[in-house]
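Fold and geometry: a report
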Amino acid sequence: MSMLQTRPRRARPRFHPLTVSRVERLTDRAVAVSFAIPDELRETFAFRPGQHLTLRTEIGGDEVRRSYSICLSRAEAERRRELRIGSAVVDGGLMSTWLNEDVRAGDVIDVLPALGDFTVPTDAARARHHVAIAAGSGITPVLSLLTTVLEDEPTSRATLIFGNREPASAMFLPELEQLAERYPERFTLRNVFSRVPQADGSPAGRIDAARLEALLGSTTPPAEVDEWYLCGPFELVETARKLLEHKGVEQHHVHHEVFHVDRPGMTAG
Ligand SMILES: Cc1cc2nc3c(=O)[nH]c(=O)nc-3n(C[C@H](O)[C@H](O)[C@H](O)COP(=O)(O)OP(=O)(O)OC[C@H]3O[C@@H](n4cnc5c(N)ncnc54)[C@H](O)[C@@H]3O)c2cc1C
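Treat the numbers as computed from the prediction; the structure is a model and nothing was measured.

1. A few points about the side chain of Thr 148
- Inspection of the secondary structure assignment puts Thr 148 in helix H4 (residues 139-152).
- Taking relative accessible area as the criterion, Thr 148 reaches 0% and is therefore assigned buried.
- Residues in contact with Thr 148, not counting those within four places in the same chain, are Pro 49, Ser 73, Arg 74, Thr 122 and Glu 153.

2. Some points on the pattern of salt bridges
- One pass over the full model with this rule turns up 15 salt bridges.
- Asp 39 is the partner of Arg 81 in a salt bridge, and the nearest nitrogen-oxygen pair spans 2.7 Å. In this pair, Arg 81 sits in the loop between helix H2 (74-80) and strand S5 (82-88) while Asp 39 sits in the loop between strand S2 (30-36) and strand S3 (52-59), placing the two residues 42 residues apart along the sequence.
- For Arg 81, a relative accessible area of 40% puts it in the partly exposed group.
- Residues Arg 65 and Glu 63 are paired through a salt bridge, measuring 2.8 Å at the closest nitrogen-oxygen approach.
- In the salt-bridge network here, residues are joined through shared partners; they are Glu 76, Arg 79 and Arg 80.

Cut-off values and rules
- All residue numbers refer to positions counted from 1 along the written sequence of the respective chain.
- With pLDDT at 70 or above as the cut-off, local features in this predicted model cover only qualifying residues; side-chain atom pairs require 80 or more to be listed or tallied, and sums for whole chains, interfaces and linings still use all residues.
- For side-chain calculations, the full set of non-hydrogen atoms in the structure is used, while hydrogens and water are omitted.
- For the purposes of this entry, the term helix denotes a DSSP run of H or I that reaches at least four residues, the term strand denotes a run of E that reaches at least two, and both are numbered from the N terminus.
- Partly exposed residues are those whose accessible area sits between 20% and 50% of the maximum for their type, while under 20% is buried and over 50% is exposed, using a 1.4 Å probe and protein chains only.
- Pairs of residues are marked as contacts when any of their non-hydrogen atoms sit within 4.5 Å.
- Salt bridges, as used here, are contacts in which a Lys or Arg side-chain nitrogen is within 4 Å of a carboxyl oxygen on Asp or Glu.

Below is the structure:
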């Protein structure tokens, strides 16, 4: 029997028309869009936390496809029979503007099942410390990853360092605060605002190397962390990646996703 015959056949993923079940405004410039998953597509749309969906539509006569990370825990997605994405407006952006301004409950959108490797399998038997560093819309996969970990690993902890301009522009902030109330012993939320002073009185500022080093040094020594998740602008992910490398963190424990790279010649990944 040839190699070709013995290889399992995998169906090529294809787009499915899904109905928008609700659209929630998160901030002035971001919405969450949920899709109803009918019973016959539950298996097709099964996902690992951290993965993304690909949406396809026509805007101005052209086909547009973009990726959006799933931002619900696995258990919550199952309970609601929905998948949810969050989209922040990018100035002049085709699909983000369409999602934020035009999409309504009841609309039907072509969606490709979940893809991506920004994920770590959960293990109920392990007591781990998972730390995420995210900024802006980079919270979306991290919300799914950390919520799933807290639900599926009853003795693990999670810490989120979350950068935004100010509280009003932070996507899913009320949901994250509820998570901190639900798991007071196991989930720590550290907001970093670039335009207003921090809760502890320290000055406004972005998550740069110095601030990150201070944050990690005081509360989250890298030697006590099992898995790292970095998501946000390229600059933030690179800053965090280099700092962790410098601190001797093994690369295979550092997982990252970049949504967009500004500079030409660089690829997201
Ligand atoms: C794996 C993956 C997961 C993603 N998950 C999410 C998510 O959960 N939520 C979310 O909001 N976005 C997410 N994105 C980004 C998303 O796919 C789109 O790129 C984004 O919504 C912009 O698309 P657009 O059609 O509005 O802009 P476009 O019409 O493609 O771009 C308009 C202009 O904005 C620039 N631009 C494009 N994207 C960005 C950006 N992100 N930041 C700054 N400038 C940009 C372009 O270079 C161009 O100049 C993800 C991207 C990837 C690769």
